[in-house]
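Report on the structure
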Number of protein chains: 2
Amino acid sequence: MRTTRKLRYFLIAAATAFTLPAVAQQQAPSDSVIIRKLYSEALTSTESYENLRYLTKRIGARLSGSPQAAAAVEWTRQVMQRLDLDTVYLQPVMVPHWVRGDKEIGRVYNSKMIGNADMNIAALGASVGTGKQGLSAEVVEVQNFEELEKLGKKKVKGKIVFFNRPFDNTHVQTMASYSGAVDQRGGGPVAAARLGAAGVLVRSMANELQDVPHTGNTRYEDGVTKIPAAAISTNDAERLSSLLKEDPNLKFYMRMTSEMLPDVLSYNVIGELKGTEKPDEIIAVGGHLDSWDLGEGAHDDGTGCMQSIEVLRLFKELGIKPKRTVRAVLFMNEENGLRGGIKYAEVAKAKGEKHVAAIESDAGGFTPRGFSMEGSNAQLAKLKAWKPMLEPYGLSEYGMGHGGSDIGPLKGQGSVALIGYRPDSQRYFDYHHTSIDVFENVNRREMQLGAAGMASLVYLISEYGL
Amino acid sequence: MRTTRKLRYFLIAAATAFTLPAVAQQQAPSDSVIIRKLYSEALTSTESYENLRYLTKRIGARLSGSPQAAAAVEWTRQVMQRLDLDTVYLQPVMVPHWVRGDKEIGRVYNSKMIGNADMNIAALGASVGTGKQGLSAEVVEVQNFEELEKLGKKKVKGKIVFFNRPFDNTHVQTMASYSGAVDQRGGGPVAAARLGAAGVLVRSMANELQDVPHTGNTRYEDGVTKIPAAAISTNDAERLSSLLKEDPNLKFYMRMTSEMLPDVLSYNVIGELKGTEKPDEIIAVGGHLDSWDLGEGAHDDGTGCMQSIEVLRLFKELGIKPKRTVRAVLFMNEENGLRGGIKYAEVAKAKGEKHVAAIESDAGGFTPRGFSMEGSNAQLAKLKAWKPMLEPYGLSEYGMGHGGSDIGPLKGQGSVALIGYRPDSQRYFDYHHTSIDVFENVNRREMQLGAAGMASLVYLISEYGL
């Protein structure tokens, strides 16, 4: 796209939806004006983006129980305190403390193979290690649990089970591709161990062929042997699969020193602006402060946390005094335990708090698309009634759907609506749970538009309830 | 975002707009089924993305008149020929041949300054050089033409005029920010030369503070001295501005050996599928094959070209025989002359061709947002009537607005509707006209969704007209 001739075309566009949003007719102008102010401030202040830089570059990865997670708690507490909110406090919660240990080794031993024998693997969260000597075994490849069952104990015993069902790329929403594959990562180790397997490899949860493995939590069950489990990069999953076709008896060596340590005291970090008219009605907006240990937890979920803090900063900066209480909650331990979310809901219940809505941003700091809701039809209708004011800012999708993991435990407390902020999903699984989920892969404006959208919705709910 | 607990939430979402698009009720199911097939094929074939890789990595930057532009013409001709279309041909057109010459030098001479004196500059397209000895002069900074006029000849004569008005970041659409700043680049040299200036520096057209300069075309006028003009990176524009505040008499040295050579013969590359029922009614879909010389012309506009070819490949692959003729047009010389677009319209007029619609993709290979149209209200209404079928794929914005530079000259030929494919604009000016407009910054799925959206619209127009 070019220069000067184009200008006259843009002037044609200037009166349309493709440039500045017009003030919506359906609502009092003052709401639209306030929303426009929220966007202008969000798009021109570098504060939330620079905060993300600090969180990702100066603190970095912050898996629950790590020193970096503790640093993130203290730093975000200070950031919110500097905003001069009505309350900033820490909510204690005991969290699991899993550590990856040494960098994992994955290697193929195959007499017929020429070339690189090393494979990129990463221990799955919660996984036991292999012992320092590592594990060497033959590999059986399956696409799903049915295939595994058909193989039976005889063919699985002592082997490494390799779950290699790829993402279905025909889905428009990558979350749907993820949902269709992630059972392998969550349930693979238990299913394989029941048949006597020695270990598990799971194809990384990604749309692309990549060299980086994608970690993520797995789970064990009482009474089933805990066997070591690792993600393998999609490129190496493809390679391993071809090598197995050449030589079904090849051996795979994996070495992981990961282990689960005793629980650690950590915190949800909470900041609050008291409502001027209905202070007992709470709107929570949040993300999760913990992250996986491989990257910097930028899109997952540094952006969600910095956006949530930004909502409060925008209110303060613009002098907006919400009628209902607005609370930013940075949840601890979403990735491997959800203890923070559970604790938050427990405390809310014990205190008899009334949440009108809880909004979570935990799908990356990408360009906005809309909101998904777990709530009543009446609540969804109310949300959709605001669409004319928000659509000019790229928020065009409103439907029933996932609210958020951390806010999930609030479900059923009164009539709370759980709302997921939905950015565009196309790039999410390029970075998700990898070493490349880093600051450089977050676009400033995309993240800021998300914060402004969340702030706009919080503002509308604070004015009119939900 | 995490694992296993989340799965049940995704299942809730599975019945909603956030996962697979439902078949729209408003249209015959067969159209929705065909559109779904177009998307499934586009999202699972790597052909267009690998084609982009070849164009960007093996051919690279392809400014009009360059050997690489010639290579791009021949290669895309071969690519389309392999698709077994009804016709593939080259349409000759003479194009300007501007060359950048040596890497530019920009340097500040300031007795008070400590630190790096080098500044990142890039000659603007069409600019004359400085001569090999370079140009050294004092600098006057202005924000706009009014400020320049106020300075007058006395203060401008012999100086380098530094146009430093930044993008207005409050715009939601970055195209609007661009439109509000690009007059400096297009009109700066003539305005400055009229007051006797010796050279021009223009702040790069970018939303972000960056080190890379953004080139782009400028223009001269007969009877006004042609003075050398360069873009300066936004970071260095900020730095130069502060240095000028310290020392208004600092000198800037710029050296550019750019020059305009005689016109060169080049081509638009055209491939066609003949319509089965109304072969005389033409739907053109295109992008521009030339690019600036600094990067690889990935988003601008390799993606638009590869998407346009992909539209034809999708039709062939799925055995869709369009009722009206579908033509992919890869225009030459959009960036610095628009000769290809003008030639295409001239030839169409001379031949008495009837274009129903022309669709251009020249706003980057980003995630889809919608379409903008230069056409009648009735045509826009018809386009909007298809929204229910296209919205589930992220195409939610439909309005009057810019069609496309290359298709612009077709305006007024019969009732042709000019349609711009509109991807998300947030990241466009991070890369636009720079050394970092490279393959690595294009996401496969975002580009593919665009191609599928364009193919879907072409299919609907081929069935129902416009």
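Please read all numbers here as calculations on a predicted model, not as lab measurements. (Residues numbered from 1 in each chain as written. Chains lettered and ligands numbered in written order. Predicted model: local features only at pLDDT ≥ 70, side-chain atom pairs only at ≥ 80, totals over all residues. Heavy atoms only, no water.)

**Some words on the confidence of the model for chain A**
In regions of low pLDDT, the predicted coordinates are not meant to be interpreted in detail. Residue and element names in this part refer to chain A. Applied cut-off: You can read pLDDT as the predictor saying how much it trusts each residue, on a scale of 0 to 100. In this analysis, two residues are considered to be in contact whenever any of their non-hydrogen atoms come within 4.5 Å of each other.
Looking at chain A as a whole, the pLDDT averages 94, with 93% of positions reaching at least 70. The low-confidence segment residues 3-28 (pLDDT under 50) makes 59 contacts with residues lying over four places distant or belonging to another chain. Under the prediction, the complex receives an ipTM of 0.91, its pTM being 0.93.

**Notes on helix α11 (residues 377-385) of chain A**
All names here are of chain A. Quick note on the threshold: Buried means the residue's accessible area, taken with a 1.4 Å probe over protein chains only, is under 20% of the maximum for its type, while exposed means over 50%, and partly exposed covers the values in between. We count a stretch as a helix when DSSP gives it H or I for four or more residues in a row; a strand needs E for two or more, and each element gets its number in order from the N terminus. As used here, the arc belongs to the directions running from the helix axis to the C-beta atoms.
Along α11, the positions that sit buried rather than exposed are Gln379, Leu380 and Leu383. The arc that holds every buried residue of α11, seen down its axis, measures 100°, which confines them to one face. Structural note: α11 exposes Asn377 and Ala378 on the side pointing more than 90 degrees away from its buried face. Those residues of α11 hidden inside the fold are in contact with β13 (368-374), α12 (387-390), β14 (397-400), β15 (417-423) and α14 (444-464).

**A look at the sheet that holds strand β5 (residues 160-163) of chain A**
All names here are of chain A. Heads up, the rule is: Note on pairing: two strands pair once DSSP finds at least 2 bridges between them. To get an axis, fit a line to the C-alpha atoms, keeping to the stretch in contact for a helix; angles then go from 0 to 180 degrees between the N-to-C directions.
Ordered by their spatial adjacency, seven strands build an open sheet running β2-β8-β4-β5-β6-β7-β3, and the pairing between neighbours is mixed. Every other strand in the sheet has two partners, leaving β2 (105-109) and β3 (121-123) as the edge strands with one partner each. Across the sheet, the axes of successive neighbouring strands diverge by a mean angle of 30°, strand direction being ignored. Bridge analysis of strand β4 (residues 135-142) against β5 gives four bridges, and the strand direction is parallel. Among the inter-strand pairings, valine 139 is bridged to a residue of β5, identified as isoleucine 160. Strands β4 and β5 of the sheet are contacted by helix α5 (residues 145-156), whose axis makes an angle of about 140° with β4.

**Some thoughts on the interface of chain B and chain A**
Using the following cut-off: Throughout, the accessible surface (probe 1.4 Å) given up by two parts as they are put together, summed over both, is called the buried area. A side-chain nitrogen of Lys or Arg and a carboxyl oxygen of Asp or Glu constitute a salt bridge if their distance falls within 4 Å.
Taken together, the 82 residues of chain B in the interface contact 81 residues of chain A. Of the roughly 6700 Å² buried between chain B and chain A, counting both surfaces, carbon and sulfur atoms make up 56%. Joining chain B to chain A, the criterion identifies four salt bridges. In this structure, A:Glu208 engages B:Arg444 in a salt bridge whose closest nitrogen and oxygen atoms are separated by 2.8 Å.

**Overview of the packing of α5(A) against helix α7 (residues 183-194) of chain A**
All names here are of chain A. Stated formally: Roughly parallel means an angle under 35 degrees; roughly antiparallel means over 145; roughly perpendicular covers 65 to 115; every other angle is labelled oblique. By definition, turning the near helix anticlockwise from the far helix through less than a right angle yields a left-handed crossing, and turning it clockwise yields a right-handed one. Ten residues, namely Ala, Val, Leu, Ile, Met, Phe, Trp, Tyr, Cys and Pro, are considered nonpolar, four, namely Asp, Glu, Lys and Arg, are considered charged, and the remaining ones, Gly among them, are considered polar.
Between α5 and α7, the shortest axis-to-axis distance is 10 Å and the interhelical angle comes to 30°. The orientation of α5 with respect to α7, classified from their angle, is roughly parallel. The handedness of the crossing between α5 and α7 comes out as right-handed. Across from Phe145, Leu148, Lys153 and Val156 in α5, the residues of α7 making contact are Asp183, Gln184, Gly187, Gly188, Ala191, Ala192 and Arg194. Partitioned by chemical class, the residues of the contact of α5 with α7 number five nonpolar, three polar and three charged.

**A word on the side chain of B:Asn207**
This is how it is decided: In protein, a polar contact requires one atom able to donate a hydrogen and another able to accept it; more generally it is a pair of N or O atoms within 3.5 Å, and residues adjacent in sequence count only if both atoms are side-chain atoms.
With respect to the element layout, B:Asn207 can be found in the loop between β6 (199-203) and β7 (229-232). With relative accessibility at 7%, the residue B:Asn207 sits in the buried group. Within the structure, the side chain of B:Asn207 is placed 2.9 Å from the side chain of B:Asn169, a separation counted as a polar contact. When neighbours within four sequence positions are excluded, B:Asn207 is seen to be in contact with A:Arg444, A:Arg445, B:Phe167, B:Asn169, B:Thr174, B:Ser177 and B:Phe429.

**With respect to the pairing of strand β10 (residues 278-288) of chain B**
Residue and element names in this part refer to chain B. For β10, the buried fraction is high: eight of the eleven residues fall into the buried class. Pairing of β10 with strand β11 (residues 324-331), which is carried by eight bridges, proceeds in the parallel orientation. By the bridge assignment for β11, valine 285 is matched with alanine 328. Inspection of the sheet shows β10 paired to strand β12 (residues 354-360) by six bridges, in the parallel sense. Bridge pairing links valine 285 to isoleucine 359 in β12.

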